[in-house]
Amino acid sequence: MVHRRRGRDGRGSDNGVSNMAATRKKVTVRQKYGLHARPAASFVKLARKFEAEIILEKNSERVDGKSIMGVMMLAISRGETVYLEADGPDGERACEQLKSFLENGTLD
Amino acid sequence: MALGRAFVVAPRELTVEQREIAPAEVEAEQARLARALAFTRDEFASLRDEVKKHETSIRAEILDAYMLVLDDEMLTEKAREKIREEEVSAEYAFKTALDDMLGVFEAMEDPYFRERAVDLRDVGNRVVMNLLGVAYRLFEDLGENSILVTHDLPPSDAAALPRDKVRAIVTEVGSRTSHTAIMARSMEVPAVVGASGVVGYVRAGDNLVVDGISGRVIVSPSDEVTAGYEKLTRELLEEKKRRARLAELPATTLDGYRIELSANIELLPELEAVRRHGCDGIGLYRTEFLFLHRSDLPSEEEQLEAYRRAAEASFPHSCIIRTIDIGGDKFLSFPEVARELNPFLGLRAIRFCLKRQDIFRTQLRAILRATAYGRIKVMFPMISDVGELRAAKEILADVRRELEREGRFVDEALEVGIMVEVPSAALDADLLAQECDFFSLGTNDLIQYTLAVDRGNEKIAYLYEPFHPAVLKLIKTTADAAHRNRIWVGVCGEMIADPKAAILLLGLSFDEFSASPASVPDIKIVLRTARYVDARYVAEQAVRMTSASEIRAFLARELAEMGVPAFRCQW
């Protein structure tokens, strides 16, 4: 099962111009039922606020953090460990906020 | 519970033929897809706005997620690619692109994720229907008093459901965790999900009884059964209305004695019930639930956020935050906290906090900072002597100074109280009352410590006796000591859900009752039908009696005489 991550132009993102090192963080997910539709939607909405490219990775499978289908396809359950990667001028901040979203979970 | 006529929705299988297109049509086909996606998105947006007018969150959030799916690059690009490279129609391209992805979901182990595949198929069907120009008028012919019988009720259909006409929902598929079930609950419509074969069995127009509580659907019930259910439905409706009215009314006795009737909560989602049942704020926020089932500690910010929300939801009433009661039957999941042989008598509650001051101070910082957002009171659990209270207050004062140095706002009038749940605290109530602002009597623990009965042990459960004369003596001692020292006293155990206990504690002049939100209406009815002077008399008699059975019989008799409804006696 391979999901190719695609850039917004649909041609892949290898032609990205950023040469800054991407921020990478390890996160343990705390959402009660994992990242199913609603939490995934919240995650994606938050991710889309940033300019940086966001990658979510689980078991070496990498998806676009701004794609709800991608995020849901990782089927991330509570307690699982994933990697967050953000590449771009606001990458650091994006990583920080998304990490805190995943870690703090939602209370419902 | 509902009665009505079946409105049967035949399964909709959208068959989309593989239709090939000419290379010249590719552009036009791409444009059709884009239009259909935009159109569907608008449909969802207006549904969402409609839903948001009537209710909070869940249905609207689901529709939000759908809108994200519609402009998901991964999905739409795949569909565009199929049109471009395979030269197929937009509907075929979109449907197959979606099916490929759903296959992945359906293969997942986690049932929660598998359910989501069903939901996403719904999004896809909606787009395909718009592409095919199939008008979407599912509920147009729905009559009054309809019971919807369908194979599945995808969320976008559920969102379009006319609430005034649909009395109940029956589906063939779905489980307790499916969105259908979640949404039915949020709409307060009775629903039976997972009734396989029901669509083939029931004919349109059949009379149905749907009992959402037991999960039963009765087809063409006899007149007798119908009459029985009609009566029950009317009664439930009356009861619901009465409760809604009751929520607006204060917990005041017939002769004008006002009791603060507040809620015990563990988690924030309960705030909805606190509001709905008309509770006077929160009398006990069990904060340890923020700490359980996780391997790390909640940060100051995370705690602040939770306390702020509780305080805001309680306003203008107060929100009493109890510092963590870890130990006993609740354990942190990190390993430093070793299992004990006798945890209820061990390193628990305030004892744990005084030992692990790092955890305690973080919590106190969050509580003090949250005082900016409402009327917060802080309460220490399991205080057993004056020394412990002083030690806890000293740390609180130190944390307050620290915050003030940082220039943060802290409510100057913050009340500090204690749980009276250890017999020594009840016996020393006079001393403790001089050093705090209120008492809250924790009957659950007070009973088990006084009678030496583990309340979780079934073999001796019969010994757990709230009306034991010794327990009543301690309760009275505590209440009297509080009032002698001019502080207020509340009670926050399950005991008061029993009308006998409610009358007794009213008679002992308690100022506040705090119970689970769902028991608040019942307790309010008891208080509103009683007179304080009668309760005083009853309590004076009861505390002089020699056995629990005598006390119970006496209280039951008196309640009946007073005309207080004695329903839901728990003990």
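Residues numbered from 1 in each chain as written. Chains lettered and ligands numbered in written order. Predicted model: local features only at pLDDT ≥ 70, side-chain atom pairs only at ≥ 80, totals over all residues.

1. Here's the deal with the sheet that holds strand β2 (residues 146-150) of chain B
Residue and element names in this part refer to chain B.
Move 1: Taken in spatial order, the six strands line up as β4-β3-β2-β1-β5-β6 in an open sheet, and their pairing is mixed. At either end of the open sheet lies a strand with only one pairing partner, and these are β4 (191-192) and β6 (216-219).
Move 2: Where strand β1 (residues 2-9) meets strand β5 (residues 207-211), four bridges bridge the pair, whose relative direction is antiparallel. Looking at β5, one finds that arginine 5 is bridged to asparagine 207.
Move 3: In the packing of helix α9 (residues 223-248) onto the sheet, contacts are made with β1, β5 and β6, and the angle to β1 comes to roughly 110°. (Pairing = 2+ DSSP bridges. Helix = DSSP H or I, 4+ residues; strand = E, 2+ residues; numbered from the N terminus. Contact = placed C-beta atoms within 7 Å. Axes fitted to C-alpha atoms, helices over the stretch in contact; angles between N-to-C directions.)

2. Focus: the interface of chain A and chain B
Move 1: Taken together, the contact pairs 25 residues of chain A with 24 residues of chain B.
Move 2: For the side of chain A that touches chain B, the elements supplying multiple residues, two or more each, are α1 (37-47) and α2 (68-73) of chain A.
Move 3: Residues that form the side of chain A that touches chain B fall into these classes: twelve nonpolar, seven polar and six charged. (Nonpolar A, V, L, I, M, F, W, Y, C, P; charged D, E, K, R; others polar.)

3. Concerning the confidence of the model for chain A
Residues and elements named next belong to chain A.
Move 1: With 77% of its residues at a pLDDT of at least 70, chain A reaches an overall mean of 78.
Move 2: Put simply, α1 is where chain A has its lowest mean pLDDT, 87, and strand β2 (residues 53-58) is where it has its highest, 94.
Move 3: Note on residues 1-19: pLDDT is under 50 here. Beyond four places in sequence and across chains, it has 24 contacts. (pLDDT = per-residue confidence, 0-100.)

4. What about the pairing of strand β4 (residues 81-87) of chain A?
Move 1: The pairing of strand β1 (residues 23-28) of chain A with β4(A) spans six bridges and is classified as antiparallel. Each residue of the ladder has a partner; that of A:Lys25, found in β4(A), is A:Leu84.

5. Remarks on the nonpolar core
Move 1: Of all hydrophobic cores here, the largest spans 96 residues; its most connected members are B:Ile418, B:Ile496, B:Ile503, B:Leu505 and B:Ile523.
Move 2: The leading source of residues in this core is helix α18 (residues 469-484) of chain B, at seven residues.
Move 3: Leaving out residues up to four positions away in the same chain, B:Leu505 has contacts with B:Val491, B:Ile496, B:Phe510 and B:Phe513.
Move 4: Counting 63 residues, the second-largest nonpolar core is a separate cluster that includes A:Ile76, B:Leu63, B:Leu68 and B:Phe105. (Core = buried A, V, L, I, M, F, W, Y, C linked by C-beta atoms within 7 Å. Buried ≥ 20, exposed ≤ 12 C-beta atoms within 10 Å, placed from the backbone.)

6. Section: the packing of helix α3 (residues 73-86) of chain B against helix α4 (residues 90-106) of chain B
Residue and element names in this part refer to chain B.
Move 1: Remark: α3 packs on α4, axes separated minimally by 8 Å, with the N-to-C direction vectors making an angle of 135°. Considering their axes alone, α3 and α4 lie oblique with respect to each other. Along this stretch, α3 crosses α4, giving a crossing that reads as right-handed. In this structure, α3 contributes Leu75, Lys78, Ala79, Lys82 and Ile83 to the contact, and α4 contributes Ala90, Ala93, Phe94, Thr96, Ala97, Leu98 and Met101.
Move 2: A breakdown of the residues in the contact of α3 with α4 according to their chemical character gives nine nonpolar, one polar and two charged. (Parallel < 35°, antiparallel > 145°, perpendicular 65-115°, else oblique. Left-handed = near helix turned anticlockwise from the far one by under 90°.)

7. Some points on the confidence of the model for chain B
All names here are of chain B.
Move 1: Averaged over every residue, the pLDDT of chain B is 86; the share at 70 or more is 91%.
Move 2: Segment residues 567-571: pLDDT under 50, and ten contacts once partners within four positions in sequence are set aside and those in other chains are kept.
Move 3: Scored by ipTM, the complex comes to 0.72, with pTM at 0.56.

8. Here's the deal with the environment of A:Glu85
Residues and elements named next belong to chain A.
Move 1: For glutamate 85, the location among the structural elements is in strand β4.
Move 2: Glutamate 85 sits 28 residues away from glutamate 57 along the chain, and the two C-alpha atoms are 8.0 Å apart.
Move 3: Ignoring any residue separated from it by four or fewer positions in sequence, one finds glutamate 85 in contact with Ala22, Thr23, Arg24, Ile55 and Glu57.

9. What to know about the pairing of strand β10 (residues 375-380) of chain B
Residues and elements named next belong to chain B.
Move 1: Counted residue by residue, β10 has five buried out of six residues, so it is predominantly covered.
Move 2: Note: strand β9 (residues 318-322) against β10, five bridges, orientation parallel. Bridge pairing links serine 318 to arginine 375 in β10.
Move 3: Both β10 and strand β11 (residues 415-420) contribute to a ladder of four bridges, which runs parallel. By the bridge assignment for β11, valine 378 is matched with valine 416.
Move 4: As a crossover connection, the stretch from β10 through helix α14 (residues 386-405) into β11 is right-handed. (Right-handed = clockwise from strand over helix to strand, strands pointing away.)

10. Some points on the sheet that holds β4(A)
Residue and element names in this part refer to chain A.
Move 1: Read across the sheet, four strands follow the order β1-β4-β2-β3 without closing on themselves; strand pairing throughout is antiparallel. In this open sheet, the two edge strands, each paired with only one partner strand, are β1 and β3 (61-64). With direction set aside, neighbouring strand axes in the sheet form an average angle of 25°.

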